[in-house]
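Descriptive analysis of the structure
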Protein chains: 4
Amino acid sequence: MLVIMRNDATEEDVRGVVAVIEQMGYQARPMPGRQRTTVGVVGNDGRVNADRIAALNGVYECLHVTPPYKQASREWKQEPTIVRLPGGLTIGGDEVVVMAGPCSVENEKQIIASAHAVRDAGATILRGGAYKPRSSPYSFQGLGLPGLKLLVKAREETGLLVVTEAMDPEGCDLVAEHADIIQIGARNMQNYSLLKRAGKSKKPVLLKRGLSATIQEFLLSAEYLLAEGNTDVILCERGIRSFDSQTRNLFDLSAIPVVKKLSHLPIIADPSHGTGLREFVPPMARAAVAAGADGLIVEVHPTPERAMSDGAQTLNPEQFEKMMRELRAIAEVIGRRVAEPAGARN
Amino acid sequence: MLVIMRNDATEEDVRGVVAVIEQMGYQARPMPGRQRTTVGVVGNDGRVNADRIAALNGVYECLHVTPPYKQASREWKQEPTIVRLPGGLTIGGDEVVVMAGPCSVENEKQIIASAHAVRDAGATILRGGAYKPRSSPYSFQGLGLPGLKLLVKAREETGLLVVTEAMDPEGCDLVAEHADIIQIGARNMQNYSLLKRAGKSKKPVLLKRGLSATIQEFLLSAEYLLAEGNTDVILCERGIRSFDSQTRNLFDLSAIPVVKKLSHLPIIADPSHGTGLREFVPPMARAAVAAGADGLIVEVHPTPERAMSDGAQTLNPEQFEKMMRELRAIAEVIGRRVAEPAGARN
Amino acid sequence: MLVIMRNDATEEDVRGVVAVIEQMGYQARPMPGRQRTTVGVVGNDGRVNADRIAALNGVYECLHVTPPYKQASREWKQEPTIVRLPGGLTIGGDEVVVMAGPCSVENEKQIIASAHAVRDAGATILRGGAYKPRSSPYSFQGLGLPGLKLLVKAREETGLLVVTEAMDPEGCDLVAEHADIIQIGARNMQNYSLLKRAGKSKKPVLLKRGLSATIQEFLLSAEYLLAEGNTDVILCERGIRSFDSQTRNLFDLSAIPVVKKLSHLPIIADPSHGTGLREFVPPMARAAVAAGADGLIVEVHPTPERAMSDGAQTLNPEQFEKMMRELRAIAEVIGRRVAEPAGARN
Amino acid sequence: MLVIMRNDATEEDVRGVVAVIEQMGYQARPMPGRQRTTVGVVGNDGRVNADRIAALNGVYECLHVTPPYKQASREWKQEPTIVRLPGGLTIGGDEVVVMAGPCSVENEKQIIASAHAVRDAGATILRGGAYKPRSSPYSFQGLGLPGLKLLVKAREETGLLVVTEAMDPEGCDLVAEHADIIQIGARNMQNYSLLKRAGKSKKPVLLKRGLSATIQEFLLSAEYLLAEGNTDVILCERGIRSFDSQTRNLFDLSAIPVVKKLSHLPIIADPSHGTGLREFVPPMARAAVAAGADGLIVEVHPTPERAMSDGAQTLNPEQFEKMMRELRAIAEVIGRRVAEPAGARN
């Protein structure tokens, strides 16, 4: 860390800063400059807590040189993390994995039809919400546990793996019991009680980026999972808040190469929430794969115009199938391949 | 709701939209224009779910005319809500209420000293975190239940009421048991499981605005509390995310008159988190009162440079006292008065 | 346009609104609802000026149904605009056009070397600033007219076309005289005096999106050019302002399909300014082409570490060449092809 | 400046950085740490150009310790700048100066009536646009030179000073000739040709903050004026871009104390554009004065509902007069006073 002193800081102020740094067990290296003194903090293994120093007299600013996350950092672990799923599917290696399905589990017929449709087009993981975080208390909040059981049934019928969202610590245990991947939604990216519970589960976690989370905050939330011992963490870019209302969110595809530079964790993309409109999903899905995403999560419904939620951003099976063909070709250009469902396309 | 059709929508598309609106139990009023047709939805008591309609062929956009929140709306209840607290203190009426204290409860000596200091300067409610949501898993996470008990002790010694944060449903019950006001933090503004639990408690709730929450989303989260039957909701503007790093957050004071226009709920302001730097707290606290805030929540610590968290944005008791004198004068200008601690200043 | 009345608006308020609408030469259609009245404005050919109506008593909000731009709209002109450049190059059709070169024209040797390097790798248009808008008055501001003459020389030597920025009305005339495409930079997207002058020139204009411009504002600035009679307008997404400092700007690739939906104008992407870091340029360039961009503008310098500006985001010729190979393959996947320099690769 | 090396940088990379720093005429001080080396740049009088260094091998990031502006900085000049206007009015001292008037100069009757109305209520400077930057090319663009002449006439009749906007270098000369203060609008904050021309004029300049300008960029634009020798610069906060559409812009009142900390220049606030809605103007005007603004610029029209532009955010004379009374009381609380028109209130 580097402590920048105000240009009117006195020598006593500098001595005060040095004293506190030394009290904290580090070494302090004052560097007087023409305009102001800066004090380097040396000897720290990880990140120094700046709170105490920032409050001292004469301090202008504390600049961190080391990022605040550790286990999530590529400096901590050079090789990419590859999350291994049942049946041999991997996320973070050469394969580009596509998760698809309806926004919500609505009933047995709908989820089974969805599962077959997305499997036929080449998806390997079924998505579908049993617990739905909705902005309004009056919106459909999901089927809950019966929804989880329907997802299990769909898995049995199709062989697809299942990813679904958990909204609180208790729900997290139920999701861990029934699904293959626990999803933490964007609104809960900094719900630390939930992150700790998911970090203690034995299932991989799909962590969505918060609506206005910086990449650093995103990796810090991943760090909560890693710190509890769960190393099977998959990140997901799903669009951030911006000033333009043309799209539901601002799909930040730069997050993909940025995360890959800073972290060893895999990252996938959600073009459905990222754009909010069906017609933008295929081009942005192609772009995500071209940018290096390790997978996609996409909303598909047998009849989007009858979906109970998110219909406007949901593909129908034909649109999804066409998109999958394009994705396979793009993946090849950059030396990767779209993972295929077991037994498919032989 | 108004459904805007694409300019190339066919008559069949329009008939499809009308049919779905009627299926949903409303009346549809198509208005053909020179460039496109719009279809009005009439007969709805509250907000219409746009999801199904937005997914139909030929639909360009659905415009809502009615806001999605209901009980939080000033159209639902004209008179301002006045939250009545033990000892006769009120929030939302003529009084401007000041909540003050350290970021975290650290130990008995610190919280008792803080409580005396802020009471002497004129605060009526003690703030202090027992459960701390921290971006990093390695930062101090609060004392937990022992912290709550120390707050109770501080209340007994000073007569101040206590506000403190709950982070999850279980913690919420403990906070409700010990504190006078349950705080829901910015990161948890859309933690619906927590909101539902707080909505079921019998204690007033201080709901902080999420980091990138629109006012509409903010009021929808309040609606979760109201929908559970808890009408003692106090909103709090605490700064939102922006593109400039000069301040920790962007303190959005316009939110105060905007909320007062749209809702009957009281709203206070947090200039400490709103700015992140001690020297900006007094001017922005004055501005908040001048803009019509029903109260303030401010970080004060006996020795900010030794605080375990948020030292840089924390006032010392002398700074706080000077600020309180200015606030009293500003409140008078707009026909209000700063609430005084029981037995004080007589 | 639709006028939403406040829920407490009186009948007199509604009559006042109707009267003003009729004064303005339109028809008014009041629609009383359960909660409030809305008044439709009918008979307008283009967009109604809301300013007068929004100021009337009892008006809550004016909602526009028709976008405020006209000639830039796809509703005005269905077929995509294809900008035809000297030598047969086209922008907006099947070809994906790559513009490349240094941030600034520094001297003859540098610009000639750059031109050869980018032509050899397959670029067809040379970029390079003669007039440089710099945040600081103390930064290098470009060579000015001598820089324009060096660009002409580079064109003569390599056959590349030339695009370069104009910063004010007079400079615009000089750029129009020397270059093949006039660039309007992001900071000047709403410099209307400059837009009007460029709209009167006979050269195509490359209009960059402003740092926090909505797509609607972007198209309105294009409308300034079109309204002056210049239909050869090429839009350019180059990154917008966001809250995260990991990248210089937030590269908004969704803008590509969004613009293509709303407008017939071609749109290219600038991954150099869009990300600000060399290593992010190739993945985001691939993503831009996959998303449907009609071209790219990329910073390339023979020795980026000696560039006078923007070195950190500049590719060297080898990096650029490798990227071009990937772009050709991606373009093919979506049925397009990267334009080749005349006489190349035969 | 501090150069942060990547944690995998080699010793040769560090030597390369040191060599370039020394070539640039500074001294380099490498500080090897446990995780990475940082290199301090010492001996620079002002800000070091980071472009060349950021492009070198092994460099992670360049951190600036010195802000990039110089003459605008409070470190360069401790005492606040007081802009002295004809007739003895000052901006930046004890007085709080109120500029008021219509959005646009529409005709003689309107501007004269406006001038009398705002003078009677206590304004000392008349605002009114003769050149109007409008998002749409089809909106009213102002009367131009005849508008300037009407402003001169209003000054003659009322004794008010005049502030009005210039949009390009030529227009700037005309505005300088007719008005007392040249306004540079938000859209033109980085129109450097215009800034340079205004910097060469002999009239004070009111510089509005750009829609998404950081405070640093804002001060850098002021630096363009100062660098040309014009020290009479008045800054103006007028709202920035945000994600919520409840208000036209996000009025950033923290900018007032932040600017006062970083710079000696006066700063005023524009609550009309800052909020966009008449009913929010008085509370936010009070808040601006309470936060320490040196003045206000407010839209007032004799009959807002007939204004040709910005009617919805414009006060009528009665509303303005009531607001002025509150502002006088708030100013007193913080030891200032609202400037009165010559001969008024005696």
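The structure we're discussing is the one just above.
None of these values were measured; they are calculated from a predicted model.

The rules behind the values
- Sequence order sets the numbering: in each chain, residues are counted from 1 along the sequence as written.
- Lettering for chains starts from A, numbering for ligands starts from 1, and both go in the order in which the items are written.
- Per-residue local features are limited, in this predicted model, to residues with pLDDT of at least 70; the limit for side-chain atom pairs, both in listing and counting, is 80 or more; totals at the level of whole chains, interfaces and linings are taken over all residues.
- No hydrogens and no water enter the side-chain calculation; it runs on all heavy atoms of the structure.
- In this description, contact between two residues means that some pair of their heavy atoms is separated by no more than 4.5 Å.
- Accessible area that two parts lose when put together, evaluated with a 1.4 Å probe and summed over both, is termed the buried area.
- Basic side-chain nitrogens of Lys or Arg form a salt bridge, by our definition, when they fall within 4 Å of a carboxyl oxygen of Asp or Glu.
- For the purposes of this entry, the term helix denotes a DSSP run of H or I that reaches at least four residues, the term strand denotes a run of E that reaches at least two, and both are numbered from the N terminus.
- Amino acids are sorted into nonpolar (Ala, Val, Leu, Ile, Met, Phe, Trp, Tyr, Cys and Pro), charged (Asp, Glu, Lys and Arg) and polar (every other residue, Gly among them).
- Each residue's exposure class comes from its accessible area (1.4 Å probe, protein chains only) as a fraction of the maximum for that residue type: buried when under 20%, exposed when over 50%, partly exposed otherwise.

1. Focus on the interface of chain D and chain C
- Across the boundary between the two partners, chain D contributes 48 residues, which contact 49 residues of chain C.
- Both faces considered, chain D and chain C share a buried interface measuring about 3,800 Å² in area, 45% of it formed by carbon and sulfur atoms.
- Connecting chain D to chain C are six salt bridges.
- Every element with two or more residues in the side of chain D that touches chain C is listed here: helix H2 (51-54), helix H6 (192-200) and helix H7 (215-227) of chain D.
- With five residues, the single largest contributor to the side of chain D that touches chain C is H7 of chain D.
- By residue class, the composition of the side of chain D that touches chain C is 18 nonpolar, 13 polar and 17 charged.

2. What to know about the environment of Val41 of chain D
Residue and element names in this part refer to chain D.
- With respect to the element layout, Val41 can be found in strand E3 (residues 37-42).
- For the pair Val41 and Pro102, spaced 61 residues apart in sequence, the C-alpha to C-alpha distance is 51 Å.
- Not counting residues up to four positions away in its chain, the partners in contact with Val41 are Met1, Val3, Ile21, Tyr26, Gln27 and Val48.

3. Some thoughts on the pattern of salt bridges
- For the structure shown, the criterion picks out 88 salt bridges over all chains.
- For Arg36 of chain A, the salt bridge identified is with Glu75 of chain D, shortest N-O distance 2.9 Å. Of this pair, Arg36 of chain A sits in the loop between strand E2 (27-32) and strand E3 (37-42) while Glu75 of chain D is found in the loop between strand E4 (59-63) and strand E5 (83-84), placing the two residues in two different chains.
- A residue is classified by how much of its surface remains accessible, and Arg36 of chain A, at 7% relative accessible area, is buried.
- Classification of Glu75 of chain D as partly exposed rests on a relative accessible area of 30%.
- In this structure, the salt-bridge partner of Arg155 of chain B is Asp180 of chain B, at a minimum N-O distance of 2.8 Å. Taken together, the residues Arg155 of chain B in helix H4 (residues 145-158) and Asp180 of chain B in the loop between helix H5 (169-178) and strand E10 (181-184) connect sequence positions 25 residues apart.
- Judged by its relative accessible area of 9%, Asp180 of chain B falls in the buried class.
- Each of Arg6 and Asp8 of chain A, Glu279 of chain B together with Lys261 of chain D takes part in a single network of salt bridges with overlapping partners.

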